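# Descriptive structure summary
Here is what each chain is made of, one letter per residue.
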Amino acid sequence: MRLIVLGCSGSGPGPGSPASGYLVEAGDVRLALDLGNGTFGALQRHLDPWELDAVALSHLHPDHCSDMSSLVVSRRYHPRPPYDATRRRIEVHAPAEAPDRLAAAYAPSAAERTETDLGDVLDFRVLGDGTVADVAGVVLRARAVDHVCEAYGLRVEHGGRSLVYSGDTGPSEGLIELARGADVLLCEATWPHLSETGEPQPPGVHLSGRQAGEHATAAGVGRLLITHVPAWYDGAHLLAEAKETFDGPAEVVHPDASYDI
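In every chain, residue numbers begin from 1 and rise along the written sequence. Local features in a predicted model are, by the rule used here, given only for residues with pLDDT of at least 70; side-chain atom pairs are given and counted only at 80 or more, and totals for whole chains, interfaces and linings are based on all residues. Water and hydrogen atoms were dropped before computing side-chain values, which therefore reflect all heavy atoms in the structure.

Any carboxyl oxygen of Asp or Glu that lies within 4 Å of a side-chain nitrogen of Lys or Arg is treated as forming a salt bridge with it. Under the criterion given, the structure shown has 14 salt bridges. Of the charged contacts, one joins Arg89 and Asp123 as a salt bridge, the two residues approaching to 3.6 Å between their closest N and O atoms. Separated by 34 residues along the polypeptide, Arg89 in the loop between helix H3 (68–77) and strand S5 (90–94) and Asp123 in strand S6 (residues 122–126) bring together distant segments of the chain. Burial classes: relative accessible area under 20% of the type maximum marks a residue as buried, over 50% as exposed, and values in between as partly exposed (1.4 Å probe, protein chains only). Take Arg89: its relative accessible area is 43%, and that puts it in the partly exposed class. Between Arg223 and Glu251 there is a salt bridge, with the nearest N and O atoms lying 2.8 Å from each other. Residue Arg223 is found in strand S12 (residues 223–227), and its partner Glu251 is found in strand S13 (residues 250–252); the two are separated by 28 residues along the sequence. By relative accessible area, Arg223 is classed as partly exposed at 22%. One network of salt bridges, in which partners are shared, links Arg89, Glu91, Asp123 and Arg125. Helix and strand labels come from DSSP, where a helix needs a run of H or I of at least four residues and a strand needs a run of E of at least two; each type is numbered from the N terminus.

So, about the sheet that holds S12. A pair of strands is considered paired only if DSSP assigns at least 2 bridges between the two. The strand order across the open sheet built from 7 strands is S7-S8-S9-S10-S11-S12-S13, with neighbouring strands paired in mixed fashion. Among the strands making up the open sheet, the edge pair consists of strand S7 (132–135) and S13. Adjacent strand axes in the sheet meet at a mean angle of 20° when their direction is disregarded. By the bridge criterion, 6 bridges tie strand S8 (residues 138–144) to strand S9 (residues 152–158) in an arrangement that is antiparallel. Bridge pairing in S9 places Val139 opposite Glu157. Here, residues are in contact when the closest pair of their heavy atoms is within 4.5 Å. Axes here mean lines fitted to C-alpha atoms, for a helix over just the part in contact, with angles spanning 0 to 180 degrees between N-to-C directions. On top of the sheet, helix H7 (residues 209–219) reaches strand S11 (184–188) and S12; it is set at about 150° to S12, its chief contact.

Two kinds of site are reported from a 1 Å grid over the protein atoms alone, namely cavities, where a 1.4 Å probe fits but cannot get out, and pockets, open sets with protein on both sides within 12 Å along at least five of seven lines, and residues are called lining when an atom falls within 4 Å of a point. Grid points are joined across faces, edges and corners, and a volume is the space filled by probe spheres set on the points. Estimated volume of the largest pocket: approximately 230 Å³. Considering the residues around the largest pocket, the lining is formed by 18 residues, among which Cys8, Ser9, Ser17, Val229 and Pro230 are closest to the centre. Grouping the constituent residues of the lining of the largest pocket by class yields 10 nonpolar, 8 polar and no charged. Three classes are used, and their members are as follows: Ala, Val, Leu, Ile, Met, Phe, Trp, Tyr, Cys and Pro are nonpolar, Asp, Glu, Lys and Arg are charged, and the others, Gly among them, are polar.

Our next topic: the nonpolar core. What we call a nonpolar core is a set of buried Ala, Val, Leu, Ile, Met, Phe, Trp, Tyr and Cys residues that are connected through their side-chain atoms within 4.5 Å. Leu3, Tyr22, Leu33, Leu154, Val156, Leu163 and Leu186 are the most contacted members of the largest nonpolar core, which has 30 residues in total. Residues Leu52, Cys65, Ala103 and Tyr106 belong to the second largest nonpolar core, which totals 27 residues.

In this fold, Ala104 is placed in helix H4 (residues 98–106). Residue classification places Ala104 among the partly exposed positions, given a relative accessible area of 29%.

All right, on to the sheet that holds S6 then. One open sheet accounts for 7 strands, arranged S6-S5-S4-S3-S2-S1-S14; its pairing is mixed. Sheet topology places S6 and strand S14 (258–260) at the edges, where each strand pairs with a single neighbour. Ignoring strand direction, the axes of neighbouring strands in this sheet form an average angle of 20°. In this structure, strand S2 (residues 21–26) lies alongside strand S3 (residues 29–35), joined through 6 bridges in antiparallel fashion. If you follow Val24 over to S3, its bridge partner there is Leu31. Of the strands in this sheet, S3, strand S4 (54–56), S5 and S6 are in contact with H3, which crosses S5 at around 165°.

Shape is all these values report; function is a separate question.
Okay, here's the thing in structure tokens:
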């Protein structure tokens, strides 16, 4: 497997990166994990969007799903699609509210929203805690994590290799269980362990660099990749925190970087 970073800026695009989005190449399968602001453009540097087999959305905050509207426009209105109309639909593994949420993002008015159905191009499959899906021979597992909305960590398995993506989460036993023994943990680290006032960060929102390292250690993963660093924080500082609690290989990801799993 190979992981390609489309965007990794936390909470929204930064000056040098789109928001969250990752392309996983697993054999002949191409799977996107999240498509946040700006990631559809980045995707086209690495792949013809028509060759994308499926999308998995960890949750429905805009910085993780807003470019689904761009995917819809491409699939619906491309003047020269390489496939016939029956191939326009793409699997989307996402929380149950995704059809309504993505339709609301796509439609500009309440009146149009009542008539908007993305089912002609998006084939929705519901994620839930413990869901296991087969994506053309690639195994996709989901576990609920601790965020301010319904959110899931995602595990991709193929050819005896495994990649786990945290999505957005605070400290989560579900994430540790999902990541147990994984080759790579792609884990958010959104803020320093202590706030600027020296107080602990609020629970149930995000992980600190230190907590990302703790989760990697508890799960016994082979490698830690730090992501979702907002433009206003220093990734090097968050990585240093992670290395205090995880003694395996660790680094901060960058846009367009690729990693063999």
